[in-house]
There are 2 protein chains.
Amino acid sequence: MDELDSAILRHLQRDARQTNRDLARTLGIAPSTCLERIRVLRARKVIRGYHADVDPAALNRHVQALIHFQIRPFSRAIIEAFKAYAAGLPEVSTVYVVTGGDDMIVHVSTPSVDYLHGFLMDKFTERREVVGFRTSVIYQHTHNQVLEPLTP
Amino acid sequence: MDELDSAILRHLQRDARQTNRDLARTLGIAPSTCLERIRVLRARKVIRGYHADVDPAALNRHVQALIHFQIRPFSRAIIEAFKAYAAGLPEVSTVYVVTGGDDMIVHVSTPSVDYLHGFLMDKFTERREVVGFRTSVIYQHTHNQVLEPLTP
DNA sequence: AATGAAAGTAGCGTGGT
DNA sequence: ACCACGCTACTTTCATT
């Protein structure tokens, strides 16, 4: 992980579909060198994948929310099972297992407020391990697609 | 947005670097057709971009957290300013503006717990609009990279 | 580890159905 | 709208440094 690798990661986070030639040209290296660097970064799992960023509204997901869960009993097996359950629901985009006031925070996106309400009622209220949850509707969110390496 | 567009989005969310030819072949359409569909989806901003997914640990970001903020006074200008401030910090990956108990939830990733503590102290405690915040350290998180269209 | 050339392959415009 | 063709450009391997 030298400065060149960092530069490659920075550029591929911003635009994953630029050609290898273009990337090599902007970095001032040969295309074959650039290709090999990227191959190694993938093999080392530093680059985990390449994903298109799709507007949720185009997928009929106009209402997003964060759901804060309290789970009891708090054991590894229960947490793992609930995490797997939540992550498998098509409305769910992210599951965070956290410390603090809540045990789990789940990011969901749904067509409407009505759909969200029905979804929460149908999928979570009946589960024994869920002793309580709280909904935060998301008004806006901005995502920083390019993360730089940090120095300790 | 027909079934073919949905299929294209599904595949590009899973792997944004597959060639147009491969995608066309798996969908059973001509490459030129596929290319034109993708071009329109980009022009309509349904596809917002293509991004490499990089392991945060490789960027020296071993400790992630969600920070829950209470902001006062609660006005559009104050919220916008704080959002812009937070989103501009390199440690921050996502800013959610929400309803409910909190006003803003910020996803951060840092090298260590010490770094996180110093970061919170240096960047947030001195800001007047921050009347309180709470930290949830993230133990695990799973992200669903492929979002399907939902039917109302 | 980086390069340059060479072979295979893909992108993308044009025209046709 | 979709497909077929063809030119140009890209990717990728390998010998060389």
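Each value, and the rule that gives it
Residues numbered from 1 in each chain as written. Chains lettered and ligands numbered in written order. Predicted model: local features only at pLDDT ≥ 70, side-chain atom pairs only at ≥ 80, totals over all residues. Heavy atoms only, no water. Helix = DSSP H or I, 4+ residues; strand = E, 2+ residues; numbered from the N terminus. Expected span 1.5 Å × (residues − 1). Buried < 20%, exposed > 50% of the residue type's maximum accessible area, 1.4 Å probe, protein only. Contact = heavy atoms within 4.5 Å. Polar contact = N/O pair within 3.5 Å; in protein donor to acceptor, adjacent residues only side chain to side chain. Near = heavy atom within 4 Å. Nonpolar A, V, L, I, M, F, W, Y, C, P; charged D, E, K, R; others polar. Phe/Tyr/Trp six-rings, centres within 6.5 Å; stacked < 30°, edge-to-face > 60°. Lys NZ or Arg CZ within 6 Å of the ring centre and 35° of its normal. Domains from an automatic or database assignment. Least-squares fit on C-alpha atoms with pLDDT ≥ 70 in both. Salt bridge = Lys/Arg side-chain N within 4 Å of Asp/Glu carboxyl O.

- If you look chain A up in an unreviewed UniProt entry, it shows as Lrp/AsnC family transcriptional regulator from Sphaerisporangium corydalis.

Quick look at helix H1 (residues 3-14) of chain A
- Its 12 residues place the ends of H1(A) 17 Å apart at the C-alpha level, agreeing with the 16 Å of an ideal helix rising 1.5 Å per residue.
- Most of H1(A) sits inside the fold, with nine of its 12 residues counted as buried.
- Listed in full, the buried residues belonging to H1(A) are A:Leu4, A:Asp5, A:Ser6, A:Ala7, A:Ile8, A:Leu9, A:His11, A:Leu12 and A:Gln13.
- Of the surrounding elements, those touching the buried residues of H1(A) are helix H2 (20-27), helix H3 (31-43) and strand S1 (47-54) of chain A together with strand S1 (47-54) of chain B.
- Measuring from the side-chain oxygen of the N-cap residue of H1(A) to the backbone nitrogen of A:Leu4 gives 3.2 Å; that N-cap residue is A:Asp2.

A look at the protein's contact with DNA strand C
- Around DNA strand C, the surrounding shell consists of A:Ile29, A:Ala30, A:Ser32, A:Thr33, A:Arg37, B:Thr19, B:Asn20, B:Arg21 and B:Leu35.
- At the protein interface, 69% of the atoms of DNA strand C within 4 Å belong to sugar or phosphate.
- The separation between a phosphate oxygen of DNA strand C and a polar main-chain atom of A:Ala30 is 3.1 Å.
- In the environment of DNA strand C, a phosphate oxygen lies 2.8 Å from a nitrogen or oxygen atom belonging to the backbone of B:Asn20.
- Going through the elements one at a time, H3 of chain A together with helix H2 (20-27) of chain B are the ones with two or more residues in the surface near DNA strand C.
- Considering each element in turn, the surface near DNA strand C owes the most residues, three residues, to H3(A).

Re the protein's contact with DNA strand D
- All residues adjacent to DNA strand D are A:Thr19, A:Asn20, A:Arg21, A:Ser32, A:Leu35, B:Ile29, B:Ala30, B:Ser32, B:Thr33 and B:Arg37.
- Among the atoms of DNA strand D close to the protein, meaning within 4 Å, 71% are from sugar or phosphate groups.
- In the environment of DNA strand D, a phosphate oxygen lies 2.9 Å from a nitrogen or oxygen atom belonging to the backbone of A:Arg21.
- Residue B:Thr33 places a side-chain N or O atom 3.1 Å away from a phosphate oxygen belonging to DNA strand D.
- Sorting the residues of the surface near DNA strand D by element identifies H2 and H3 of chain A together with helix H3 (31-43) of chain B as the ones contributing at least two each.
- Considering each element in turn, the surface near DNA strand D owes the most residues, three residues, to H3(B).
- Partitioning the surface near DNA strand D into residue classes produces three nonpolar, five polar and two charged.

Considerations on the packing of aromatic side chains
- Under the defined criterion, the tally for this structure stands at 16 aromatic pairs over all chains.
- For the pair B:Phe69 and B:Phe133, a centre-to-centre distance of 5.5 Å together with 45° between the ring planes defines the contact as tilted. Linking B:Phe69 in strand S2 (residues 63-71) with B:Phe133 in strand S5 (residues 130-143), this pair joins segments that are 64 residues apart in sequence.
- B:Phe133 gets classed as partly exposed once you look at its relative accessible area, which sits at 28%.
- Over the aromatic face of B:Tyr50 sits the side chain of A:Arg17, whose NZ or CZ is 5.3 Å from the ring centroid.

Some thoughts on the side chain of A:Thr94
- Assignment of secondary structure puts A:Thr94 in strand S3 (residues 92-98).
- Of the polar contacts made by the side chain of A:Thr94, one reaches the side chain of B:His143; its length is 2.7 Å.
- If we skip the residues at most four places from it in the chain, A:Thr94 touches A:Ile105, A:Val106, A:His107, B:His141, B:Thr142 and B:His143.

Quick word on the domain arrangement of chain A
- By the assigned domains, chain A splits into domain 1 (3-43) and domain 2 (59-137).
- Each of domain 1 of chain A and domain 2 of chain A has a C-alpha centre, and these two points are 38 Å apart.

Describing the relation of the copies chain B and chain A
- Take chain B, turn it by 180°, move it 0.0 Å along the axis, and it overlays chain A with an RMSD of 0.1 Å. These values place the two chain copies in the arrangement generated by a two-fold rotation axis.

A closer look at the pattern of salt bridges
Residue and element names in this part refer to chain A.
- Counting across every chain of the model gives 22 salt bridges over all chains.
- As a salt-bridge pair, arginine 10 and glutamate 148 come within 3.4 Å of each other at their nearest N and O atoms. You can see arginine 10 sitting in helix H1 and its partner glutamate 148 sitting in the segment after strand S5 (130-143), a full 138 residues away along the chain.
- Judged by relative accessible area, glutamate 148 falls into the partly exposed class, the value being 33%.
- Via salt bridges that share partners, Asp2, Asp5 and Arg37 belong to a single interconnected network.

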